[in-house]
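Coordinate analysis (summary)
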Amino acid sequence: MSKFSETLVEQAQPILQAVISHPFLQEIITGEISNDALITYVQQDEYYLGEYAKAFANAYLLANDDAQRALVAPSITTEAEIIAHEWLLEHAGTTLAEVGLAKPNPNTVAYLNHIKASGAHNYFYQITAVLPCMWIYREFGHNLGPKVGTDTLLGRWLHLYANDMPEYFEMSIVDDLFAMLDTHMTELSAYDQANLIEIFLRGCEYEYHFFDAAYRQQKWLYEA
Ligand SMILES: Cc1ncc(CO)c(N)n1
């Protein structure tokens, strides 16, 4: 029987392929990406990462033992990825101070609600809800990193997630989170396991829409 994490990864392949071929990432490689798309992505991700860190804090509260606490503790911070934001903005010829923060767009709101609601009451559910973020970034980093050098700002952003810049960012937590799920999956019912698969796949799909929303400048119809 295959491991639970292998099931997750296998079922998410079509979404991963869609992410990898999305014009946002393809144009990061060619350098054709618009400054507006980069700026919007960073503004949305600044908001996203702050809330994402809270999901790890929630996992910390829900943990059943020290090993479970230790696994999530280092991620209750957004430091490394803020550096990556600075690279993208520098490429766009601006700074965070200059562009400022923005309201979360419809997809960012929906994605964060999904992460919070899915993981509100159970450690393994919270882990599964945060996993697509790191997993998808590591996978497209591995896949697309080799297509660009580290000598450009956009290239550096991709390489950060390819796990070949460990001085900034350590992606090995993805494997540790998957291993934690695999170890405890026998304690969960078939109902829970089916729920977790759905939660993982929805998260992957929201990742796709995160790039798409920045690329297409998704906005609320109302103005407040
Ligand atoms: C939306 C999103 N997902 C994943 C990551 C990587 O952790 C990120 N920075 N932003």
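Structure first, text after, so check above.
Let us look at the structure shown here. None of the values given here were measured: they were computed from a predicted structure.

Criteria and thresholds
Residues numbered from 1 in each chain as written. Predicted model: local features only at pLDDT ≥ 70, side-chain atom pairs only at ≥ 80, totals over all residues. Heavy atoms only, no water. Salt bridge = Lys/Arg side-chain N within 4 Å of Asp/Glu carboxyl O. Buried < 20%, exposed > 50% of the residue type's maximum accessible area, 1.4 Å probe, protein only. Near = heavy atom within 4 Å. Polar contact = N/O pair within 3.5 Å; in protein donor to acceptor, adjacent residues only side chain to side chain. Areas by Shrake-Rupley, 256 points an atom, 1.4 Å probe, with all protein chains shown as cover. Helix = DSSP H or I, 4+ residues; strand = E, 2+ residues; numbered from the N terminus. Axes fitted to C-alpha atoms, helices over the stretch in contact; angles between N-to-C directions. Parallel < 35°, antiparallel > 145°, perpendicular 65-115°, else oblique. Left-handed = near helix turned anticlockwise from the far one by under 90°. Contact = heavy atoms within 4.5 Å. Nonpolar A, V, L, I, M, F, W, Y, C, P; charged D, E, K, R; others polar.

1. Here's the deal with the pattern of salt bridges
Pairing between side chains becomes possible if they bear opposite charge and their charged atoms approach one another. Taken as a whole and assessed by the stated rule, the structure comprises seven salt bridges. Of the charged contacts in the structure, one is a salt bridge between Arg 216 and Asp 212, with a shortest N-O distance of 3.0 Å. For Asp 212, a relative accessible area of 13% translates into the label buried. Taken together, the salt bridges that share partners define one network made up of Glu 51, Lys 54 and Lys 116.

2. A closer look at the site of the ligand
Every residue lining the ligand is accounted for by Asp 45, Tyr 48, Leu 49, Glu 81, Cys 133, Tyr 137, Tyr 161, Glu 207 and Phe 210. With respect to the ligand, the side chain of Asp 45 contributes an N or O atom lying 2.6 Å from a nitrogen atom. Between Glu 81 and the ligand, the recorded distance is 2.7 Å, taken from a side-chain N or O atom to a nitrogen atom. Expressed as a share of its isolated accessible area of 290 Å², the protein-covered part of the ligand is 99%. Contributing elements (two or more residues each) for the shell around the ligand: helix H4 (35-62), helix H9 (123-144) and helix H12 (190-215). Here the shell around the ligand gets three residues from one element, more than from any other, and that element is H4.

3. Topic: the packing of H9 against H12
At their nearest, the axes of H9 and H12 sit 9 Å apart, and the two run at 40 degrees to each other. Classified by the angle between their axes, H9 and H12 sit oblique to one another. In the packing of H9 onto H12, the handedness of the crossing is right-handed. Of the residues in H12, those in contact with Phe 124, Tyr 125, Thr 128, Ala 129, Leu 131, Pro 132, Cys 133, Trp 135, Ile 136, Tyr 137 and Phe 140 of H9 are Asp 192, Asn 195, Leu 196, Ile 199, Phe 200, Gly 203, Cys 204, Glu 207 and Phe 211. Class assignment for the residues of the contact of H9 with H12 results in 15 nonpolar, three polar and two charged.

4. Re unusual backbone geometry
A positive phi angle is found at Gln 217, which is not glycine, with a value near 55 degrees. Tracing the backbone through its elements, the reader meets Gln 217 in the segment after H12. Judged by its relative accessible area of 26%, Gln 217 is partly exposed.

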